[in-house]
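# Architecture and fold: a report
Here is how the chains run, residue by residue.
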Amino acid sequence: MRAPAKINLHLGVGAPREDGFHSLVTVYQAVGLYDDVTARMAPDWSLGVSLPDWMDDDAVPLAGDNIVDRAADLLAAHHGVERLGEVHIAKAIPVAGGMAGGSADGAAALVALDRLWGLNTTDEDLLALAAQLGSDVPFALLGGTALGTGRGELVTPVHDRGTWWWVVVPSDVGLPTPEVYRHFDKMFPDAPTEPVPADALLGAIASGDTWALADALHNDLEAAAIDLRPELGRLIEQGEQAGALRGLVSGSGPTCVFLCGSADHARSLAADLSGAGHPVVLAANGPVSGAHLVSYA
């Protein structure tokens, strides 16, 4: 199974709720950077991972602490079956980068193991299990462009006829999401209970106008991420000076994304940022499909 990275085109964050979570209004978009999860029958349970050269070898937790382990446990318990199989994750989505790479793995694992174990879980139940794994996992199942509410786990597809091009610049040092939220709360103690709505962003998507989308991009966590990591602000300024229509911290960061006007524009900007000394610069389009089958034998 293959599952895509996500970016947040809009991320409105409300004050913390009684349960400790923040109310969110977000617009997700799945972009063409993928993790692959392969599952095979085996007499016991094992999980392995392979990483590209630019990722830290210790970036993905194993030994029972991976979201794939938790996905397998939830699915097995839901159906009353034993957790068995040999699973391998091939990473390409930046880790701890605000692009939901772990959520993509969890979504891909749910679908892969459902097929491997012959369970035929309903879409409704898969989405419910995904929501237990994390706020971004239901979207990783669906892909495309979608509106997320609640803590982000209530997902409604958005009709998106556009093809949007992005340049993605990951960081070699992660930025834990809980830390960014805590810093947001410290910086904005009077944050409103209700998050900023996504009306402007949804209108820009409906228009198909790239400049309108650039103007409407919004991330309430960006200030907190930049305050923790000032180099992110410098990177956004650098990308916009190099010709990006708009730069933005992706979700909780530290990955930054840059909206471009076309595939050629994205390739040109990626070359400029790479030449400026950023070791990993990726170009991707969106929206793309959610978790989907690549091969089956």
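What you see is a predicted model; the values in this text were computed from it and never measured. (Residues numbered from 1 in each chain as written. Predicted model: local features only at pLDDT ≥ 70, side-chain atom pairs only at ≥ 80, totals over all residues. Heavy atoms only, no water.)

Under the 1.5 Å per step criterion, the end-to-end length of helix H1 (residues 67-79) is 19 Å for 13 residues, consistent within 8% with the ideal 18 Å. Within H1 the residues assigned to the buried category are Ile67, Val68, Asp69, Ala71, Ala72, Leu75 and Ala76. Tucked inside the fold, the buried residues of H1 contact strand E3 (45-50), strand E4 (85-90), helix H2 (101-116), helix H3 (123-133) and helix H4 (137-142). Where H1 starts, the residue carrying a side-chain oxygen 2.8 Å from the main-chain nitrogen of Val68 turns out to be Asn66. Positive phi appears at Gly80, one or two residues downstream of H1, with a value of about 70 degrees. (Helix = DSSP H or I, 4+ residues; strand = E, 2+ residues; numbered from the N terminus. Expected span 1.5 Å × (residues − 1). Buried < 20%, exposed > 50% of the residue type's maximum accessible area, 1.4 Å probe, protein only. Contact = heavy atoms within 4.5 Å. Polar contact = N/O pair within 3.5 Å; in protein donor to acceptor, adjacent residues only side chain to side chain.)

Let's shift gears to the nonpolar core. Ranked by size, the top nonpolar core spans 58 residues in total, and within it Leu9, Trp166 and Leu213 carry the most contacts. Apart from residues lying up to four places away in sequence, Leu213 is in contact with Leu9, Trp164, Trp166, Leu201, Ala204, Ile205 and Leu259. Among the nonpolar cores identified, the runner-up in size contains 26 residues, and Ala191, Ala224, Cys260 and Leu269 belong to it. (Core = buried A, V, L, I, M, F, W, Y, C linked by side-chain atoms within 4.5 Å.)

To continue, consider the pattern of salt bridges. Under the defined criterion, the tally for this structure stands at nine salt bridges. For Arg229, the salt bridge goes to Glu231, with nearest N and O atoms at 2.5 Å. By relative accessible area, Arg229 is classed as buried at 12%. Classification of Glu231 by relative accessible area gives partly exposed; the value is 32%. Each member of the salt-bridge network shares a partner with another, and the members are Asp35, Lys91 and Asp105. (Salt bridge = Lys/Arg side-chain N within 4 Å of Asp/Glu carboxyl O.)

The next thing to look at is the side chain of Ser252. By the element assignment, Ser252 lies in the loop between strand E9 (246-249) and strand E10 (256-260). A polar atom in the side chain of Ser252 sits 2.8 Å from the side chain of Thr177.

Considering the arrangement of structural elements, one finds Asp114 in helix H2. No salt bridge is formed by the buried Asp114; its nearest oppositely charged neighbour, Arg115, is found at 6.8 Å. Separated by 3.4 Å, the side chain of Asp114 and the backbone nitrogen of Asn120 make a polar contact. Sequence-distant contacts of Asp114, defined by excluding residues within four places in its chain, comprise Leu75, Ala109, Leu119, Asn120 and Thr121. (Lys, Arg positive; Asp, Glu negative; His and termini not counted.)

Right, let's talk about the pairing of strand E5 (residues 145-149) for a bit. Relative to E5, strand E2 (residues 22-40) runs antiparallel, the two being bridged by four bridges. Bridge pairing in E5 links Thr26 to Gly148. What sits between the antiparallel neighbours E5 and strand E6 (residues 154-157) is a turn of four residues, in which Gly150 has the positive phi angle 70 degrees. (Pairing = 2+ DSSP bridges.)

In this fold, Leu74 is placed in helix H1. Under the relative-accessibility criterion, Leu74 is labelled partly exposed at 22%. Linking Leu74 and Gln132, residues 58 residues apart in sequence, is a C-alpha distance of 8.5 Å. Beyond its immediate sequence surroundings of up to four residues, Leu74 is in contact with Leu129, Gln132 and Leu133.

This paragraph deals with the confidence of the model for the chain. A low pLDDT means the predicted coordinates there should not be read in detail. On average, residues of the chain carry a pLDDT of 93, and 98% of them reach 70 or more. Per-element confidence in the chain ranges from a low mean pLDDT of 90 for E6 to a high of 98 for helix H7 (residues 210-216). (pLDDT = per-residue confidence, 0-100.)

Let us look at unusual backbone geometry. Note: most residues except glycine have negative phi, and most peptide bonds are trans. Residue Pro254 follows Gly253 across a cis peptide bond; omega there is 5 degrees. For Pro254, the location among the structural elements is in the loop between E9 and E10. The omega torsion of the bond from Gly286 to Pro287 falls at 0 degrees, within 30 degrees of zero and hence cis. In this model, Ala100 sits at a positive phi of 60 degrees, which is unusual for a non-glycine residue. With respect to the helices and strands, Ala100 occurs in the loop between E4 and H2. Using a relative accessible area of 15% as the deciding quantity, one classes Ala100 as buried. Positive phi values are uncommon outside glycine, yet Asn120 reaches one of about 55 degrees.

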